[in-house]
Amino acid sequence: MVRKRLFLHPTFDCSFDHVCREDCYLLKDKTKDEKKFRIPDKYWVEITKLAGENGFEELSLPINPLRGVTGVKDPLHWLRLLSPIAKEYEMVINITTTLNVADKIEATDGVDIVAVSLDDFRTGKDWKKYAEKLKKSSERLRSFGVEFNCNLSYDAGTQIQYLHNSYRKKELTKIFDYITLLWPKPLKDAGILEVGAARLIQKGDKNGSSYPDLIGKTDGFLEDYCMSFARGNTSCDAGYGQLSIDAFGRLAICPYSPHGVDVSTPEKFQDYLVNTLPKNKVIESCDLIDVE
Ligand code: SF4
C-alpha cells in the first residue's frame, strides 16, 4: 500500500561519505561546510507535527552513521526526537539505514519498517559471515514486530552475485521481508550495462532470468517505485503523495529530485501545504529514471 509520506533528511553528515559511493543522492555536490549545517531540532519537531496534521501517513527517515560534525554523534538522535510525535498522528515510521545502526534500534523507538542497503562494499569479501550478521539482526528486529527489508543496488555485479546465485537469493528472501532492486538515479549517468538492462525493461522486453525479480514478480521482491513508473506500470505520486525536505530546509517532490523550495521555517512549510501542494500536477515523465 502506498501511503502519503514525508521524507526528512535532517543531516548531510555521514561517516560513509565518499566511502560507499560517489553518487549518493543526499551528499553529492555538498561542500565540507555544508555537511556541518544543522537546523535546530525544534524545526524538525514542528515539521513532523504539521505533516501529521495535514494527513501524512508515513515518516520516512534515512539514518546515516555519523561523523559528528554537526554536534550530533548518535545516529538515532532525530529518530528518537521525531518518532513519538509521528506516533501521536499514527504515522508509520520507515527508516533506511546501515546494518550497524539498525542493530541499535530498540522496540521503544516505535519503528515499523527498517530497510538496509546491500552491495559489494557493505558485504565485503565474506558473504557467509555477513549473511550470519544479517540473520541475527533480522531475528532481533522481527522479534519486536519490525518489517526488515533490503535495498539491493542494481548493477551487473549484483545481478550475478545475488540474482543469478540461487543459494544467495534464497538466503536473502529468508532474511528479509522484501527485497527491492534499486536502480541508480539519474539512470542516464549509470554504467552502460545498467542503462542497457533498464532500456530493455522499459521497452517491455524480458531481461533474462532475473526479469521477474526486477519487476517485483518473484515472491519477496518489490520493484523500484520509479522503474515501475518509467515502464508505465504505475503512476508516480511525487509532489502530492510524497514530499522530501533536506538538511537546509529545502523541499523537493521526492527524495531524488532537486531540493529547491525554501521551507526552512514551519510557517513556510505550512504555506506550501496550503497554497502549493494542492496545485501540484501528477508528473507524466521523470528524467531521473528515463534512459532515452
Ligand atoms: S519523481 Fe522521478 S525520481 Fe522521484 S519518485 Fe517519481 S519517478 Fe522516482
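Throughout this document, residue positions are counted from 1 along each chain, in the order its sequence is written. Only residues with pLDDT of at least 70 are given local features in this predicted model, and only at 80 or more are side-chain atom pairs given and counted; all residues enter the totals for whole chains, interfaces and linings.

Novice: Got a minute to help me understand the sheet that holds strand 3 (residues 92–97) in this structure?
Specialist: In a beta sheet, neighbouring strands are held together by backbone hydrogen bonds and run either parallel or antiparallel to one another. Only when DSSP finds a minimum of two bridges between them are two strands counted as paired. Comment: elements are numbered from the N terminus, with helices defined as DSSP H or I runs of at least four residues and strands as E runs of at least two. Sheet architecture is open: 10 strands sit in the order 7-6-5-4-3-2-1-8-9-10, paired in mixed fashion. Two strands in the sheet have a free side with no partner beyond their single neighbour: strand 7 (221–223) and strand 10 (261–262). The pairing of strand 3 with strand 4 (residues 113–118) spans 4 bridges and is classified as parallel. Across the sheet, the residue bridging to Thr96 is Ala115, located in strand 4.

Novice: Looking at this model, I keep getting lost on the pairing of strand 2 (residues 58–63). Mind explaining?
Specialist: Side-chain positions along a regular strand alternate between the two faces of the sheet. Counting buried residues along strand 2, 6 of its 6 residues qualify, which places the element largely inside the surrounding structure. Exposure classes come from backbone-placed C-beta atoms, where a residue is buried if 20 or more other C-beta atoms lie within 10 Å of its own, exposed if 12 or fewer do, and partly exposed in between. Covered by surrounding structure in strand 2 are Glu58, Ser60 and Pro62 together with Leu59, Leu61 and Ile63, the residues of both alternating faces. Here 3 bridges tie strand 1 (residues 5–8) to strand 2, and the two strands are oriented parallel to one another. Bridged to Phe7 within strand 2 is Ser60. In this sheet, strand 3 lies alongside strand 2 in parallel orientation, the contact comprising 6 bridges. The residue of strand 3 that forms the bridge with Pro62 is Thr96. Handedness of the strand 2-helix 2 (residues 77–88)-strand 3 crossover: right-handed. We call a crossover right-handed when, viewed with both strands directed away from the observer, the connection leading from the first strand over the helix to the second proceeds clockwise.

Novice: Explain the packing of helix 6 (residues 156–163) against helix 7 (residues 166–175) here, please?
Specialist: Think of two packed helices as two axes; the pair is described by the angle between the axes and how far apart they sit. Taken N-terminus to C-terminus, the directions of helix 6 and helix 7 make an angle of 85°; their axes are 6 Å apart at the nearest point. The angle between the axes of helix 6 and helix 7 places the two elements in the roughly perpendicular class. For the pair formed by helix 6 and helix 7, the contact residues are Gln161, Tyr162 and Leu163 on the first element and Arg168, Lys169 and Leu172 on the second. For the contact of helix 6 with helix 7, the residue count by class is 3 nonpolar, 1 polar and 2 charged. Note on method: axes are straight lines fitted to C-alpha atoms, helices fitted across the in-contact stretch only, with angles between N-to-C directions ranging 0 to 180 degrees. Angle categories are assigned with fixed cut-offs, so that under 35 degrees is roughly parallel, over 145 is roughly antiparallel, 65 to 115 is roughly perpendicular, and the rest are oblique. C-beta atoms are first placed from the backbone for all residues, and any pair lying within 7 Å is then listed as a contact. Amino acids are sorted into nonpolar (Ala, Val, Leu, Ile, Met, Phe, Trp, Tyr, Cys and Pro), charged (Asp, Glu, Lys and Arg) and polar (every other residue, Gly among them).

Novice: How should the site of the ligand be read in this particular structure?
Specialist: We count a residue as near a molecule or strand when its backbone-placed C-beta atom lies within 6 Å of that partner. Around the ligand sit 14 residues in total, of which Cys226, Cys236, Ala238, Cys254 and Cys286 are the nearest. Its residues assigned to classes, the shell around the ligand shows 12 nonpolar, 1 polar and 1 charged.

Novice: Any chance you could explain the environment of Ala107 here in plain terms?
Specialist: Looking at where Ala107 falls in the secondary structure, it is placed in the loop between helix 3 (99–102) and strand 4. In the structure, Ala107 is positioned 142 residues away from Gly249 in sequence and 30 Å away in space, judged by C-alpha atoms.

Novice: Would you mind going over the environment of Glu132 with me for this structure?
Specialist: Along the chain, Glu132 turns up in helix 5 (residues 127–143). A residue is classified by how many C-beta atoms lie within 10 Å of it, and Glu132, with 11 of them, is exposed. For the pair formed by Glu132 and Ile175, sequence separation is 43 residues and the distance between their alpha carbons is 9.6 Å.

Novice: Please clarify how the nonpolar core should be interpreted in this entry.
Specialist: The tendency in soluble globular proteins is for nonpolar side chains to be buried as a group. In this structure, Leu59 and Val114 are the most contacted members of the largest nonpolar core, which totals 65 residues. A per-element tally of this core places helix 10 (residues 225–230) first, with 5 residues. With sequence-adjacent residues up to four places away left out, Val114 is seen in contact with Ile95, Thr97, Ala102, Ile105, Leu141, Val146, Phe148 and Asn149. In these notes, a nonpolar core means any group of buried Ala, Val, Leu, Ile, Met, Phe, Trp, Tyr and Cys residues linked to one another through C-beta atoms within 7 Å.

Novice: I tried to follow helix 6 on my own but got confused; where do I start?
Specialist: Since the α-helix turns once every 3.6 residues, residues separated by three or four places project in the same direction. Where helix 6 is concerned, the buried positions are Gln159, Tyr162 and Leu163. The buried residues of helix 6 occupy an angular sector of 100° when the element is viewed end-on, so they sit on one face. Looking at the buried positions of helix 6, the neighbouring elements they touch are strand 5 (147–153), helix 7 and helix 9 (211–214). Arc definition: directions from the helix axis to the C-beta atoms.

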